[in-house]
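Fold and contact review
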Amino acid sequence: MTTPSLGEVSRHGLWSNNPALVQLLGLCPLLAVSSSVVNALGLALATLLVLLGSNVAVSLIRHQVSGTLRLPAFVMIIAAFVTCAELLMAAYTFELYRILGIFIPLIVTNCAILGRAEAFASRQPLLPSATDGLMTGLGFGAVLVLLGGLRELFGQGTLFVDMDLLLGPAAAGWGITVFPDLDFLFLVLPPGAFFATGLLIALKNLIDDRLERRRQARLPDRPRETRRVRVTGTIR
Amino acid sequence: MSLMHTDQTAPRRPASTTAVMGWLLVATLPGIAALTWHFGWGVLTNLGFAAAAAIGLEATMLRLRHRPVAATLGDNSALVTAVLLGAALPPGSAWWLILIGMVAAIVVAKHLYGGLGHNLFNPAMVGYALLLVSFPGPMSLWPSPDGLLSPEARPLGEALHQLAGLTSLETRDALSGATPLDAFKHKPEALMASEFWADSPLPDGALAAWQQVALAWLAGGALLVYKRVIGWQIPVAMLGTLTLVATLLYAGNPSHQGSPLFHLLGGAAIFGAFFIATDPVSAATSRRGKLIYGAGIGALVMVIRPAGAYPDAVAFAVLLMNFAAPFIDYYSEPRVYGHPTATRGIRVDVDKEAR
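Position labels on residues start from 1 in each chain and follow its written sequence. A letter from A marks each chain and a number from 1 marks each ligand, given out in the order of writing. Per-residue local features are limited, in this predicted model, to residues with pLDDT of at least 70; the limit for side-chain atom pairs, both in listing and counting, is 80 or more; totals at the level of whole chains, interfaces and linings are taken over all residues. As a convention, hydrogens and water are excluded, and side-chain values are obtained from all of the structure's heavy atoms.

What to know about the interface of chain A and chain B
For an interface, size is often stated in terms of accessible area lost upon the parts coming together. As a reminder, the rule being used: Note on contacts: a residue pair is in contact if any heavy atoms of the two residues lie within 4.5 Å. Think of a polar contact as two N or O atoms within 3.5 Å of one another; within protein, one of them needs to be a possible hydrogen donor and the other a possible acceptor, and neighboring residues in sequence only count if both atoms come from side chains. Amino acids outside the nonpolar list (Ala, Val, Leu, Ile, Met, Phe, Trp, Tyr, Cys, Pro) and the charged list (Asp, Glu, Lys, Arg) are all regarded as polar, and Gly is one of them.
The partner chain B presents 6 residues to the 6 residues of chain A that form the contact. Scanning the region where chain A abuts chain B turns up 1 residue pair in polar contact (both at pLDDT 80 or more). Counted by class, the side of chain A that touches chain B contains 5 nonpolar, no polar and 1 charged residues.

Set out below in structure tokens:
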């Protein structure tokens, strides 16, 4: 397997192979936790940390682990990093740790992480693997935060409320009320997350479509083919 | 020469969608008239705004999907969705509530699934269920049934004021009364049903008003069955099962359960049976399938009403059975004449294996 360039790895993780919008992996935390920006950002950072750590570790031991034992080994590595993330959150952002609850330990089961370990990090050297972990984590996190923002804005009418739970007292005043008295319960509940994710996927496909069409338009015009009846071949 | 007269035996031409939807609209008139008579102008403002929103949204979606706009709008299906949702919402709803419901119905439930004929779920009920889950407050504000001509009746101007969303929730709350099902749902546990009714928990004439509205829907539904716009199977199976389950529950615990008649006429059961559950797209299609489908809705209504969190359950029961409709169709396909019974699915044909 050839090693792709770092730019290509980044583009894949952030956009063209985005774990949330294209691979549709890690949907469980994505849908359950993205009810506000602070929840989404907290889980995004934890996932990013685990993904980066596990990709680096898996890449480092890739020559030592035999094929039959690799999956249990990867899961142990991921579980270790998840425990680290969990303890860190319990130590520094206890309130958020209480809110996210079971979804922090459940990062272990996030298929996006095991998927990157198996599909990329176990076959690639350290630097591309680390880049891949970082960029995939950022891609997942970006979708998570975007979804959290959408659901908080149109579900509760606010944005960036309770950011101090994650970013410390300095962020206490960040919360803004955009639509007072808005209480659109559907978006706050999990079905709304499904719906909003579907819309984001549609939006991504729309953008891809536009880009592709623009690329096609920029290609130099093919020379016109003149077709004539009863002639084999074409005259250019 | 009698052989020449083949007109009598020629198969009927299938009715066009426009004609079917037209008859549906006609059949809603008695129900709408009864609703307006008892609950005031708010019913008509609901319907008017819902219809306008439906046509606007339908036209927009058709244009976005590069479909013929005028020809498809002419089939009246968007209008039927609007009338059904508008009649199901509390009279005098605010414009934003109706608009969100219509967006969910027309844009999401209908066009995102591929347009008329491809929707898995009944569009009007998707809109209604979304609103019920999202806005429990405004969705429970049924005005008290004062009647259109009584001195307490509020004028058309006030209904328009409510439609514009200018009437505060508190004011509307003061003017509203609980629906019979809602009141019965929140009956104190210790209170017996007879004591509850003796207490006159509803505004004057509310129960009678709801029963008359249900009977008006029944008249419209009978017209639909008579004109063969809908089959008799779904309404009969649904109402029959509902009555049966309600009777069993009532016989088991008459002091705390509602009577079968109360369940039949006190809520949206009749309206749902004739106008919602019979949606030709999302319902089961074979005759046997329609019986199973209708019975499932009736049973689910009587499970959700006593045991669920919502007082009326027709929308959720219909949506749940929409899920099951393809499955029901698969196992209830009629035998083709001249062919043996179909063997498929989990049934194992022993004879064939022995051979």
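Text resumes after the structure shown.
Some details on the packing of helix α4 (residues 77-88) of chain B against helix α6 (residues 123-134) of chain B
Residue and element names in this part refer to chain B. Which entries qualify depends on this criterion: Structural elements are reduced to axes, namely lines fitted to C-alpha atoms, with helices fitted over the stretch in contact, and the angle between N-to-C directions of any two is expressed from 0 to 180 degrees. A run of H or I in DSSP becomes a helix once it reaches four residues, and a run of E becomes a strand once it reaches two; helices and strands are each numbered from the N terminus. Helix crossings fall into two classes, left-handed where the near helix is turned counterclockwise from the far one by less than a right angle and right-handed where it is turned clockwise.
Where α4 meets α6, the axes come as close as 8 Å, and the angle between the chain directions of the two elements is 35°. Seen from above, α4 lies across α6 with right-handed handedness. Contacts between α4 and α6 involve T81, L84, L85 and A88 from the former and P123, A124, G127 and Y128 from the latter. Each residue belonging to the contact of α4 with α6 can be placed in one class, and the counts come to 6 nonpolar, 2 polar and no charged.

So, the pattern of salt bridges
Rules: Salt bridges are defined as contacts in which a side-chain nitrogen from Lys or Arg sits within 4 Å of a carboxyl oxygen from Asp or Glu. Remark: exposure states derive from per-residue accessible area (1.4 Å probe, protein chains only) relative to the maximum for the residue type, with buried under 20%, exposed over 50%, and partly exposed in between.
On inspection of all chains with the given rule, the structure shows 8 salt bridges over all chains. Put simply, R116 of chain A and D132 of chain A hold a salt bridge, and the shortest N to O gap is 3.0 Å. On the criterion of sequence distance, the pair formed by R116 of chain A in helix α6 (residues 111-119) and D132 of chain A in helix α7 (residues 126-156) is long-range, its members being 16 residues apart. Residue classification places R116 of chain A among the buried positions, given a relative accessible area of 11%. Since its relative accessible area comes to 2%, D132 of chain A is described here as buried. A salt bridge links D312 of chain B to R305 of chain B, with the nearest nitrogen and oxygen atoms 2.8 Å apart. Residues joined in a network through salt bridges with shared partners are R70, E118 and R123 of chain A.

Describing the environment of W232 of chain B
All names here are of chain B. Tracing the backbone shows W232 in the loop between α12 (206-226) and α13 (233-252). The partly exposed category is assigned to W232, whose relative accessible area is 47%. Sequence spacing of W232 and Y128 is 104 residues, and the spatial spacing of their C-alpha atoms is 25 Å.

Observations regarding the UniProt feature "modified residue: FMN phosphoryl threonine" (unreviewed entry) in chain B
All names here are of chain B. How we decide: UniProt positions are given in the numbering used here, feature names are shortened, and annotations may be inferred rather than shown by experiment.
Residues annotated by UniProt as "modified residue: FMN phosphoryl threonine" (unreviewed entry) correspond here to T179. Relative to the assigned elements, T179 resides in the loop between α9 (169-175) and α10 (180-185). With relative accessibility at 13%, the residue T179 sits in the buried group. When sequence neighbours within four positions are dropped, the list of residues in contact with T179 reads W142, L202 and W210.

Some points on the UniProt feature "transmembrane region" (unreviewed entry) in chain A
Residues and elements named next belong to chain A. Listed under "transmembrane region" (unreviewed entry) in the UniProt record, and renumbered for this structure, are residues 20-52, 73-94, 100-121, 133-150 and 184-207. Each end of residues 100-121 is marked by a C-alpha atom, and these two atoms are 28 Å apart; helix forms 45% of the span and strand 0%. Spanning residues 133-150, this segment combines 100% helix with 0% strand, and its end C-alpha atoms are found 26 Å apart.

Topic: a nonpolar patch on the surface
Residue and element names in this part refer to chain A. Stated precisely, the cut-off is as follows: For patch detection, residues must exceed 30% relative accessible area and be free of salt bridges, and they are connected within 9 Å for like charges or within 5 Å for nonpolar side chains (Val, Leu, Ile, Met, Phe, Trp, Tyr). What sets the accessible areas is the Shrake-Rupley method with a 1.4 Å probe; for residues, cover comes only from the shown protein chains.
On the surface, a nonpolar cluster with roughly 650 Å² of combined accessible area is contributed by L14, W15, L134, L138, L203, L206, I207 and L211. Of all the elements in the fold, those that place two or more residues in the nonpolar patch are α1 (6-16), α7 and α10 (190-218). When residues of the nonpolar patch are assigned to their parent elements, the largest contribution, 4 residues, is made by α10. Relative to the assigned elements, I207 resides in helix α10.

Description of the UniProt feature "transmembrane region" (unreviewed entry) in chain B
All names here are of chain B. UniProt feature "transmembrane region" (unreviewed entry): in the numbering of this structure it lies at residues 20-37, 94-113, 125-142, 207-226, 233-252, 258-278, 290-307 and 313-331. Helix makes up 100% of residues 207-226 and strand 0%, with an end-to-end C-alpha separation of 28 Å. Structurally, residues 258-278 comprises 67% helix and 0% strand, and the distance from its first C-alpha atom to its last is 26 Å.

Details of helix α4 (residues 70-92) of chain A
Residue and element names in this part refer to chain A. Heads up, the condition is: Helix span, as expected, comes to 1.5 Å for every residue beyond the first.
Compared with the 33 Å implied by 1.5 Å per residue over 23 residues, the 33 Å span of α4 between its first and last C-alpha is a close match. All of the buried residues in α4 are F74, I77, I78, V82, A85 and M89. At its buried positions, α4 is contacted by α3 (37-60), α5 (94-100) and α6.

Looking at the side chain of R151 of chain A
Residue and element names in this part refer to chain A. Among the structural elements, R151 can be located in helix α7. Here the side chain of R151 touches L187 through a polar contact of 2.7 Å, landing on its backbone oxygen. Not counting residues within four places of it along the chain, the set of residues in contact with R151 comprises L31, S34, S35, Q156, L187, V188, L189, P190 and A193.

Observations concerning helix α1 (residues 17-39) of chain B
All names here are of chain B. Worth spelling out the cut-off: What the bend at a residue measures is the angle between two axes, fitted to the seven residues ending there and to the seven starting there.
With 23 residues, α1 extends 32 Å from end C-alpha to end C-alpha; this agrees with the ideal 33 Å at 1.5 Å per step. At L29, α1 shows its strongest bend, of approximately 35°, with the proline P30 following within four residues. Phi for G40, located one or two positions after α1, is positive at around 95°.

A word on unusual backbone geometry
All names here are of chain A. You will see that F160, though not glycine, has its phi angle at about 60°, which is positive. Along the chain, the position of F160 falls in the loop between β1 (158-159) and α8 (164-167). Phi at D162 takes a positive value of approximately 65°, unusual for a residue other than glycine. Among the structural elements, D162 can be located in the loop between β1 and α8.

Regarding the environment of L132 of chain B
Residues and elements named next belong to chain B. With respect to the secondary-structure elements, L132 resides in helix α6. A residue is classified by how much of its surface remains accessible, and L132, at 11% relative accessible area, is buried. Excluding its chain neighbours within four sequence positions, the residues that come into contact with L132 are M139, Y310 and F316.

Some remarks on the packing of aromatic side chains
All names here are of chain B. This is how the line gets drawn: Between 30 and 60 degrees the pair is tilted, below 30 it is stacked and above 60 it is edge-to-face, where a pair is any two Phe, Tyr or Trp rings, Trp via its six-membered ring, whose centres lie within 6.5 Å.
Considering all chains together, one arrives at 18 aromatic pairs over all chains under this definition. With centroids separated by 5.2 Å and ring planes inclined at 65°, the aromatic side chains of W217 and F275 adopt a geometry described as edge-to-face. Of this pair, W217 sits in helix α12 while F275 sits in helix α15 (residues 269-276); the two residues are 58 residues apart in sequence, bridging distant segments of the chain. Note on W217: relative accessible area 5%, which makes it buried.

Focus: the domain arrangement of chain B
Residue and element names in this part refer to chain B. To keep it simple, the criterion reads: Where each domain begins and ends follows an automated or database-derived domain assignment.
Per the domain assignment, the segments of chain B are domain 1 (15-176) and domain 2 (221-331). The straight-line distance from the C-alpha centre of domain 1 to that of domain 2 is 22 Å. At the junction of the two partners, domain 1 supplies 23 residues and domain 2 supplies 17 residues. Joining domain 1 to domain 2, the criterion identifies 0 salt bridges. At the junction of domain 1 and domain 2, the tally comes to 2 residue pairs in polar contact (both at pLDDT 80 or more). At the level of elements, α1, α4 and α6 are the ones that each hand at least two residues to the side of domain 1 that touches domain 2. Here the element with the most residues in the side of domain 1 that touches domain 2 is α6; it accounts for 7 residues. A per-class count over the side of domain 1 that touches domain 2 returns 18 nonpolar, 5 polar and no charged.

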